[in-house]
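Below, each chain spelled out in residue letters.
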Amino acid sequence: MKTVETIAQLQAEIRAARAQGKRIGFVPTMGNLHEGHMILVDQASEECDFVVASIFINPLQFNDIDDLGRYPRTLAADQEHLRDRDCDLLFFPSVDEMYPDGQDAQTTVSVPVVSEGLCGNSRPGHFDGVATVVSKLFHMVQPDAAFFGEKDFQQLTVIQKMVRDLNLPFDVVGVPTCREENGLAMSSRNNYLTSEERENAGHIYQVLNDIAEQIRDGKKDFTELCLLGKQTLETHGFQPDYIEVRSAKELKPATEKDSELVILIAAILGKARLIDNLRVNLN
Ligand code: PAF
């Protein structure tokens, strides 16, 4: 696996792969890779012939400077993980390479409606930062397919809508969430948890499953179900940010008529803000 740091090198490598008729799969990341990322790489290499991963801690999507500062930077270990799987090329650009005119002068991409509410409320500007960097990366790589984790369900929905709205000619593939034994969704932010908190963090998945079961049993008062879920998390030491039931396709607040639903949770435990979700299909 080659690591390149400039857009010119990235595009030269991709041109060479494409000239050999290879289908390009792309996995954008911010590094600190874990099994959840590796599954994206595996899926990309199943569906494509040449897998490009990127590691770029995108300052534009952090609304909290301390959060950006403490985000784990683990390039050597990440390269080793990617080498072990079938990644062909790693793009590891600097901030200057990505934003040569400075972040404030960068043209931005904003995806309305689906960016609003949920994490859009607690992290103002976050999804504009994500949409902007992902659309830049898409233009640089011009993949045949791009792979994102379903754990970041709102992010996935934002990117899928952006690709549809801007008529970008490739597939965005959502890959199911990878979980620890206790159900905790794998995330780089789990590194902020103590081992005790990590064990306790499994309650998020339990609450998601409890709510899902009640919805499958015919309960339709989503507000009430979410309130009870919040109380359960509070008793286990979490500070819930939100628990909501939304329509899975458009991410609108769910109504009794919706049959494809997603339950979304964000909650703070110790130093970590954890997010997770579970889909419920009533068809
Ligand atoms: O999910 C992430 O790691 C990031 O938000 C992404 C999609 C790589 C954009 O910076």
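Residues numbered from 1 in each chain as written. Predicted model: local features only at pLDDT ≥ 70, side-chain atom pairs only at ≥ 80, totals over all residues. Heavy atoms only, no water.

Peer 1: It is not clear to me how the nonpolar core should be interpreted in this structure. Could you clarify?
Peer 2: As a rule of thumb, soluble globular proteins bury nonpolar side chains together. Among the nonpolar cores identified, the biggest contains 45 residues, and L10, V52, M98, V134, F138, F148 and I159 are the most heavily contacted of them. Those elements giving two or more residues to this core turn out to be α1 (7-19), β2 (24-29), β3 (50-55), β4 (89-91), α7 (126-141), β5 (145-149), α8 (153-165) and β8 (260-269). Top contributing element to this core by residue count: α7, with nine residues. Not counting the four nearest positions on each side in its chain, F148 is found in contact with P28, L40, V134, F138, Q155, L156, I159, V172, V173, G174 and V175. (Core = buried A, V, L, I, M, F, W, Y, C linked by side-chain atoms within 4.5 Å. Buried < 20%, exposed > 50% of the residue type's maximum accessible area, 1.4 Å probe, protein only. Helix = DSSP H or I, 4+ residues; strand = E, 2+ residues; numbered from the N terminus. Contact = heavy atoms within 4.5 Å.)

Peer 1: I'm lost on the site of the ligand in this one. Help?
Peer 2: Residues in contact with the ligand, as listed here, are P28, T29, M30, Q61, V133, V134, F148 and Q155. In this structure, an oxygen atom belonging to the ligand sits 2.6 Å away from a side-chain N or O atom of Q61. In this structure, an oxygen atom belonging to the ligand sits 2.7 Å away from a side-chain N or O atom of Q155. Taken by itself the ligand offers 290 Å² of open surface, and the protein chains cover 89% of this. Every element with two or more residues in the shell around the ligand is listed here: β2 and α7. Here the shell around the ligand is composed, by residue class, of five nonpolar, three polar and no charged. (Near = heavy atom within 4 Å. Polar contact = N/O pair within 3.5 Å; in protein donor to acceptor, adjacent residues only side chain to side chain. Areas by Shrake-Rupley, 256 points an atom, 1.4 Å probe, with all protein chains shown as cover. Nonpolar A, V, L, I, M, F, W, Y, C, P; charged D, E, K, R; others polar.)

Peer 1: Could you clarify how one ought to interpret helix α10 (residues 203-216) in this entry?
Peer 2: Each full turn of the α-helix corresponds to 3.6 residues, which orients residues three or four apart in the same direction. Taking 1.5 Å per residue as the helical rise, α10 with its 14 residues ought to reach 20 Å, and the 20 Å between its terminal C-alpha atoms agrees with that figure. Within α10, the full set of buried residues consists of H203, I204, V207, L208, I211, A212 and I215. The secondary structure elements touched by the buried residues of α10 are α9 (195-200), α11 (222-235), β7 (239-247), β8 and β9 (272-281). The positive-phi residue at the C-terminal boundary of α10 is G218, with phi of around 105°. (Expected span 1.5 Å × (residues − 1).)

Peer 1: Just to check I follow, could you spell out unusual backbone geometry for this structure?
Peer 2: Excluding glycine, most residues fall at negative phi; most peptide bonds, likewise, are trans. A positive phi is found at N32, a non-glycine position, where the angle reads about 55°. If you trace the backbone, N32 turns up in the loop between β2 and α2 (35-47). By relative accessible area, which is 9% here, N32 ends up buried. A positive phi is found at L118, a non-glycine position, where the angle reads about 50°. Along the chain, the position of L118 falls in the loop between α5 (95-98) and α6 (119-122).

Peer 1: Looking at this structure, how should I read the packing of aromatic side chains?
Peer 2: The description of an aromatic ring pair uses the distance of the two centres, along with the angle that the planes make with each other. Considering all chains together, one arrives at five aromatic pairs under this definition. Taking 6.1 Å as the distance between ring centres and 55° as the angle between the ring planes, the aromatic pair formed by F56 and Y99 counts as tilted. Here F56, found in the loop between β3 and α3 (65-70), pairs with Y99, found in the loop between α5 and α6; they are 43 residues apart in sequence, far enough to count as distant. Taking relative accessible area as the criterion, F56 reaches 5% and is therefore assigned buried. Note on F62 and Y71: the rings are 5.7 Å apart at their centroids and 75° apart in plane angle, and the pair reads as edge-to-face. (Phe/Tyr/Trp six-rings, centres within 6.5 Å; stacked < 30°, edge-to-face > 60°.)

Peer 1: How do you make sense of the pattern of salt bridges when you look at a structure like this?
Peer 2: Side chains that differ in charge, positive against negative, can pair when their charged atoms come close. All chains considered together, the criterion is met by 15 salt bridges. Note that D165 is salt-bridged to K161, the shortest N-O span being 2.8 Å. On the criterion of helical spacing, the pair formed by D165 and K161 is a turn pair, its members being four residues apart in helix α8. With a shortest N-O distance of 2.8 Å, R179 and D276 are connected by a salt bridge. Of this pair, R179 sits in the loop between β6 (171-175) and α9 while D276 is found in strand β9, placing the two residues 97 residues apart along the sequence. With a relative accessible area of 23%, R179 lands in the partly exposed category. Taking relative accessible area as the criterion, D276 reaches 4% and is therefore assigned buried. (Salt bridge = Lys/Arg side-chain N within 4 Å of Asp/Glu carboxyl O.)

Peer 1: Hey, could you run me through the layout of surface pockets in this one?
Peer 2: Vacant regions in the atomic arrangement are exposed by a probe of water-molecule size rolled over the atoms. The volume enclosed by the second largest pocket comes to roughly 220 Å³. As for the second largest pocket, its lining consists of 16 residues, of which I55, F56, I57, R73 and F92 are closest to the centre. Class assignment for the residues of the lining of the second largest pocket results in nine nonpolar, four polar and three charged. (1 Å grid on protein atoms, 1.4 Å probe; cavity = no way out; pocket = protein on both sides within 12 Å on 5 of 7 lines; lining within 4 Å. Points joined across faces, edges and corners; volume = space filled by probe spheres on them.)

Peer 1: I would appreciate a short explanation of the sheet that holds β2 in the present structure.
Peer 2: In any sheet, the strands associate via hydrogen bonds between backbone groups, in a parallel or an antiparallel arrangement. Pairing is parallel across the open sheet formed by six strands, whose spatial order is β1-β4-β3-β2-β5-β6. Where the open sheet ends on each side, the last strands, each with one partner, are β1 (2-4) and β6. In this sheet, adjacent strand axes meet at a mean angle of 25° when their direction is disregarded. Relative to β5, α2 is tilted by about 155°, and along the sheet it contacts β2, β3, β5 and β6. (Pairing = 2+ DSSP bridges. Axes fitted to C-alpha atoms, helices over the stretch in contact; angles between N-to-C directions.)

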